[in-house]
Amino acid sequence: WTRVADLSAAKAAVMADPAYAALIDPEQISAVGFSYGGWTALSAGGLGGNLAGYADHCATVDSSTHCADLARWGFDFAAADPAAWDASYRMAEVGRVVAIDPGLTWGVSDVTGLAVPALLVGLGEGEDRLVATDTTDQGSGLASRLLAARPDTKVVEIAPAAHFTMLPECSDKGAAILEDEGDDPVCTDPAGTDRGAVHDRVVAEIAGFLGL
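As the structure is a computational prediction, the values presented were derived from the model and not from experiment.

Looking now at a negative patch on the surface. On the surface, E179, D180, E181, D183 and D184 cluster together into a negatively charged patch. For D180, the position within the fold is in helix α8 (residues 174-181). Accessibility expressed as a relative area gives 66% for D180, which makes it exposed.

The structure is reproduced here in structure tokens:
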């Protein structure tokens with residue numbers, strides 16, 4: 001369901017499948033996403049991006065891992081299409097959205113496009129908060145803007161935790177293997193973090209917000 005134009009057809013196909021139709025309330029469809037998927041969920045709710053704002057963020061903040069990734073990939077902000085970046089990708093079928101540590105929120109100042117209630121879950125605090133996905137006032141400030149514009153927004157901050165805490169629990173050797181490979185520290189959590197408990201908290205928050 002990555003394209004708005006495809007959503008209606010996808011919904012019709014699923015609803016016609018007897019294996020799923022009885023399990024789905026078509027009037028209670030929500031979008032839930034983590035990291036870049038968190039932005040996808042917000043987009044489905046109608047929130048638009050801000051190419052100029054994000055370009056300025058990457059030009060002035062040197063600690064964003066996402067900006068570093070874009071530079072490594074050769075992404076050129078000047079060549080990007082602001083009409084596509086800033087457009088609304090609202091999906092009318094989606095009635096609520098959940099964004100867990102969403103990316104791409106820097107530079108977003110106009111939040112009036114968000115047409116549905118949103119749950120915003122942030123992971124970590126202080127140095128443990130990933131700059132690229134920090135929606136607090138020390139980061140992109142998206143959380144405060146949404147709360148001011150939409151009283152039905154709910155913001156939850158969970159600590160101790162970090163961005164990668166949302167990923168599955170690791171084996172005892174996972175962190176050592178990733179360090180040896182020079183990969184992202186997806187198995188390394190801040191001191192005192194209980195990854196399983198964080199997962200349980202996030203699930204409970206989502207269930208409560210969606211009325212499950």
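Don't stop here, the text continues.
Overall, the coordinates contain five aromatic pairs when judged by the stated rule. Between Y54 and F77, the aromatic rings sit 6.3 Å apart at their centres with planes inclined by 45 degrees, giving tilted as the arrangement. Taken as a pair, Y54 in helix α4 (residues 51-60) and F77 in the loop between α5 (65-72) and α6 (82-86) lie far apart in primary sequence, 23 residues in all. Side by side, Y54 and F77 carry an identical accessibility label, which is buried. Overall, F77 belongs to the buried group, its relative accessible area being 18%. Ring pairing ties together the aromatic residues Y54, F75, F77 and W85, which thus form one cluster. When the ring centre of F209 is taken as origin, the NZ or CZ atom of R96, which lies over that ring, is 4.9 Å away.

What follows is about the sheet that holds strand β4 (residues 154-158). Ordered by their spatial adjacency, four strands build an open sheet running β1-β2-β3-β4, and the pairing between neighbours is parallel. Of all strands in the sheet, those with a lone pairing partner are β1 (29-34) and β4, marking the two edges. Across this sheet, the average inter-strand angle for adjacent strands is 15 degrees, counted without regard to direction. Pairing analysis gives six bridges linking β1 to strand β2 (residues 94-100), with the strands arranged parallel. Each residue of the ladder has a partner; that of I29, found in β2, is V94. On top of the sheet, helix α9 (residues 195-210) reaches β1, β2, β3 (118-123) and β4; it is set at about 160 degrees to β2, its chief contact.

Definitions and cut-offs
- Residues numbered from 1 in each chain as written.
- Predicted model: local features only at pLDDT ≥ 70, side-chain atom pairs only at ≥ 80, totals over all residues.
- Heavy atoms only, no water.
- Patch = residues over 30% accessible without salt bridge, like charges linked within 9 Å, V, L, I, M, F, W, Y side chains within 5 Å.
- Areas by Shrake-Rupley, 256 points an atom, 1.4 Å probe, with all protein chains shown as cover.
- Salt bridge = Lys/Arg side-chain N within 4 Å of Asp/Glu carboxyl O.
- Lys, Arg positive; Asp, Glu negative; His and termini not counted.
- Charge placed at Lys NZ, Arg CZ, Asp CG, Glu CD.
- Helix = DSSP H or I, 4+ residues; strand = E, 2+ residues; numbered from the N terminus.
- Buried < 20%, exposed > 50% of the residue type's maximum accessible area, 1.4 Å probe, protein only.
- Phe/Tyr/Trp six-rings, centres within 6.5 Å; stacked < 30°, edge-to-face > 60°.
- Lys NZ or Arg CZ within 6 Å of the ring centre and 35° of its normal.
- Pairing = 2+ DSSP bridges.
- Axes fitted to C-alpha atoms, helices over the stretch in contact; angles between N-to-C directions.
- Contact = heavy atoms within 4.5 Å.

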